[in-house]
Amino acid sequence: MPPDKDLLLQMLERMWRIRIFEETVIEIHSSGELQGPAHPYIGQEAVAVGACAALKDTDYIAGNHRSHGHPIAKGGDLGGAMAELLGKSGGYCKGKGGSMHLADFSIGILGESGIVASSVPIATGAALASKQQGKDFISMVFFGDGASNQGACHESMNMASLWSLPVIFLCENNQYAITTSYKNSVSVDHISDRAPAYNMPGVLVDGQDAIAVYEATVHAVERARAGEGPTLIECMTYRFEDHSLGLDRVRDNPYRSDEEVDEWRQRDPIPIHEEAITSTGVVTPEDCAEVQARVRVDVAAALEFARNSPYPEAKELFEDMWAE
Amino acid sequence: MPNMTYMAAIAEATREEMERDESVYLMGEDIRASVYGASAGLFEIFGEDRVIDTPLSENGFFGAAIGSSLVGQRPIVETVTSFFWVGMDQMISQAAKMRYMFGGQAKLPVTWRARMFYARGAAAHHSDRNYNIFMSTPGLKVICPTNPYDAKGLMKTAVRDNNPCLIFEDGIAISSRGEVPANEDLPGGELLVPFGEARIVREGTDCTIVGIAGGVAHAENAAKILEGEGISCEIIDPRTLVPLDKQTILTSVEKTGRLVVVDPAHEVCSVASEISSIVAQEAFWSLQAPIIKVASAQVNVPYSPALEPLVYPTPERVIEAVRETMS
Ligand SMILES: Cc1ncc(C[n+]2csc(CCOP(=O)(O)OP(=O)(O)O)c2C)c(N)n1
Ligand SMILES: [Mg+2]
């Protein structure tokens, strides 16, 4: 079933929310206001947005160090995200986690993670719980091409298939793990080629096309909710920016050519989506412009909120260690 | 004498050892690109068999390094202390135990070099000062160089050692520069710093401060200020935690009668705990005041710049501790 107008516009809005949020993060990082590490999601927006558009609020997601796009795509609040990046008490995690550890359990965001592939078993476990509890919640994990080579990833896929768990393994193949090309680190042509070895469907999708990602995910969601088990979806995508903000040594030692970067920048997921939804006449260019303008205001308000949010007090250092 | 950065010293040690011995090779993530700053140019010299960019698979390639060492290779593995957790099964179940389990048949000349990030807003997943965990595991040598000279000399010793060695490159120490003699100016033509010999960083008479890793710099800063108050501190850098040079520490405490241990690890079961226990048992009658540990708070590392600095030892905390032992 093709997405309706509201969903198409919501997808556009969420892509803009990620894009403008990330542009703002880059700005406040270069001005020195943001000091911690941050990994920009720019270029990959269609992946998280297309995938999360197929989920409900009660479904779970878990992610990785490239961590701002997933929660925003799931419907996370921008102010809480920005405040977390600034280490403020108004952040999702009260400033304890920072950029790489955004989490909002109230809408199923079980947490981003700095240790590559460490969320894959976590999402698998959430799917196990859903099955044990007789719920129809599904679980989705975002992980990179680099992460796909970790043992935790392979072990999780085997268990998920063995136990028919409602989990979607969503691989964001942006083609590099810092400087290492997947062509030099993955033994098959595509990560989705590994799915048959785990006895689950493997799907290769154009990750710059939000609607294509959405449609592939809808199938996987139906399968998972019907108790038929996991799916591995590989989205081919590209990160337009550096691996992380401030990693100059990598910039000085180029591992990908300017031509390659430029070529992929031509495949920007936002114009691709705008083109798709306006060309059928469902949405007008004015609708699109309005979305973008609205998001600019929202992101500015989020930054304002984050700046005004107080830092945690010293006594909070020892809070949140132990559950009651 | 050439003045160089800590990472340049590590890079020089790596190149020299690779030139000297064909069985030495380097493996890790993004090492051709020298993401952590110690491997630039090595691929061009030694080629792909000896400079290996691995997939992102720590447990796998740590284990492969160990396996290769059993049959004659001498791998240097580059990583980050926080990623030790991922490969820890191979490090502890295999590298630390194989020789003993197999009745002494195995030699395991693997050197891990790990960057220890902390105090920079890297949050709980990237701020592990975990040398204490490995120190309490029998079968692993644990090395904490705190300046470029020791970094080079200890690294070369580690590569030649026939046991698994872990080098912790402290984020505070790696920003240091220092003098490292040229090989032609050295008696044996090369810089080798032996394991198990502490360095007396500064002599003093009133209080012994043992600094672990980045704790040494805090101790030095504190000692300068305390000197102005008429308190003379003796600073000891053990340099290697396994083997540990107990004697230098005990001799110093016998002289000063006081001990403060500065350790960036979490305070419970830290290196500071171990050294305190050794001194309490073996130099008890020399002590004129209780031993004080200045270690990290027993809490995960928070991200917020308002909270993170409260976790670690600082020169101020060292000064306070020394004053307390003197009062
Ligand atoms: C276990 C572990 N090893 C290494 C790292 C260092 N590191 C951070 S991101 C990254 C590359 C991850 O690549 P990929 O999974 O493709 O995600 P991408 O950054 O491309 O989004 C590496 C090696 C880490 N954080 N965790
Ligand atoms: Mg990648």
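Our subject is the structure listed above.
Just so it is clear, the structure is predicted and the values come from calculations on it, not from any experiment.

Things to note about the site of ligand 1
Reasoning step 1: Neighbouring residues of ligand 1: 21 residues in total, closest A:His65, A:Arg66, A:Gly114, A:Tyr176 and B:Glu58.
Reasoning step 2: In this structure ligand 1 sits where residues from chains A and B come together.
Reasoning step 3: In this structure, A:Gly146 approaches ligand 1 through a main-chain N or O atom, which is 2.8 Å from an oxygen atom.
Reasoning step 4: The side chain of B:Glu58 places a nitrogen or oxygen atom 2.4 Å from a nitrogen atom of ligand 1.

With respect to the sheet that holds strand E9 (residues 199-202) of chain B
Residues and elements named next belong to chain B.
Reasoning step 1: If you walk across this open sheet you meet the five strands as E9-E11-E10-E13-E14, and the pairing is mixed. Strands with a single pairing partner mark the edges of an open sheet, and in this sheet they are E9 and strand E14 (292-296). Along the sheet, successive strands turn relative to each other by an average axial angle of 25°, direction set aside.
Reasoning step 2: Bridging between strand E10 (residues 207-211) and strand E13 (residues 259-266) involves four bridges; their strand directions are parallel. Residue pairing for E13: Gly-211 is matched across the bridge by Val-262.
Reasoning step 3: Lying on the sheet, helix H10 (residues 271-282) is in contact with E10, E13 and E14; it crosses E13 at an angle near 150°.

A short note on a negative patch on the surface
All names here are of chain A.
Reasoning step 1: A grouping of Asp-258, Glu-259, Asp-262 and Glu-263 is seen on the molecular surface, where their side chains present a negatively charged patch.
Reasoning step 2: Counting through the fold element by element, Asp-258 comes out in helix H9 (residues 258-265).
Reasoning step 3: Accessibility expressed as a relative area gives 58% for Asp-258, which makes it exposed.

Observations concerning the pairing of E14(B)
Residues and elements named next belong to chain B.
Reasoning step 1: The buried fraction of E14 amounts to four of the five residues, a majority that puts the element mostly inside the structure.
Reasoning step 2: Pairing geometry for E13 and E14, over five bridges, is parallel. By the bridge assignment for E14, Val-262 is matched with Val-294.

A word on helix H1 (residues 5-30) of chain A
Reasoning step 1: Relative to the 38 Å expected for 26 residues at 1.5 Å per residue, H1(A) spans 38 Å between its end C-alpha atoms, a close match to the ideal helical length.
Reasoning step 2: Note on H1(A): the residue one or two positions beyond its end, A:Gly32, has a positive phi of about 95°.

Each value, and the rule that gives it
Residues numbered from 1 in each chain as written. Chains lettered and ligands numbered in written order. Predicted model: local features only at pLDDT ≥ 70, side-chain atom pairs only at ≥ 80, totals over all residues. Heavy atoms only, no water. Near = heavy atom within 4 Å. Polar contact = N/O pair within 3.5 Å; in protein donor to acceptor, adjacent residues only side chain to side chain. Pairing = 2+ DSSP bridges. Helix = DSSP H or I, 4+ residues; strand = E, 2+ residues; numbered from the N terminus. Axes fitted to C-alpha atoms, helices over the stretch in contact; angles between N-to-C directions. Contact = heavy atoms within 4.5 Å. Patch = residues over 30% accessible without salt bridge, like charges linked within 9 Å, V, L, I, M, F, W, Y side chains within 5 Å. Areas by Shrake-Rupley, 256 points an atom, 1.4 Å probe, with all protein chains shown as cover. Salt bridge = Lys/Arg side-chain N within 4 Å of Asp/Glu carboxyl O. Lys, Arg positive; Asp, Glu negative; His and termini not counted. Charge placed at Lys NZ, Arg CZ, Asp CG, Glu CD. Buried < 20%, exposed > 50% of the residue type's maximum accessible area, 1.4 Å probe, protein only. Expected span 1.5 Å × (residues − 1).

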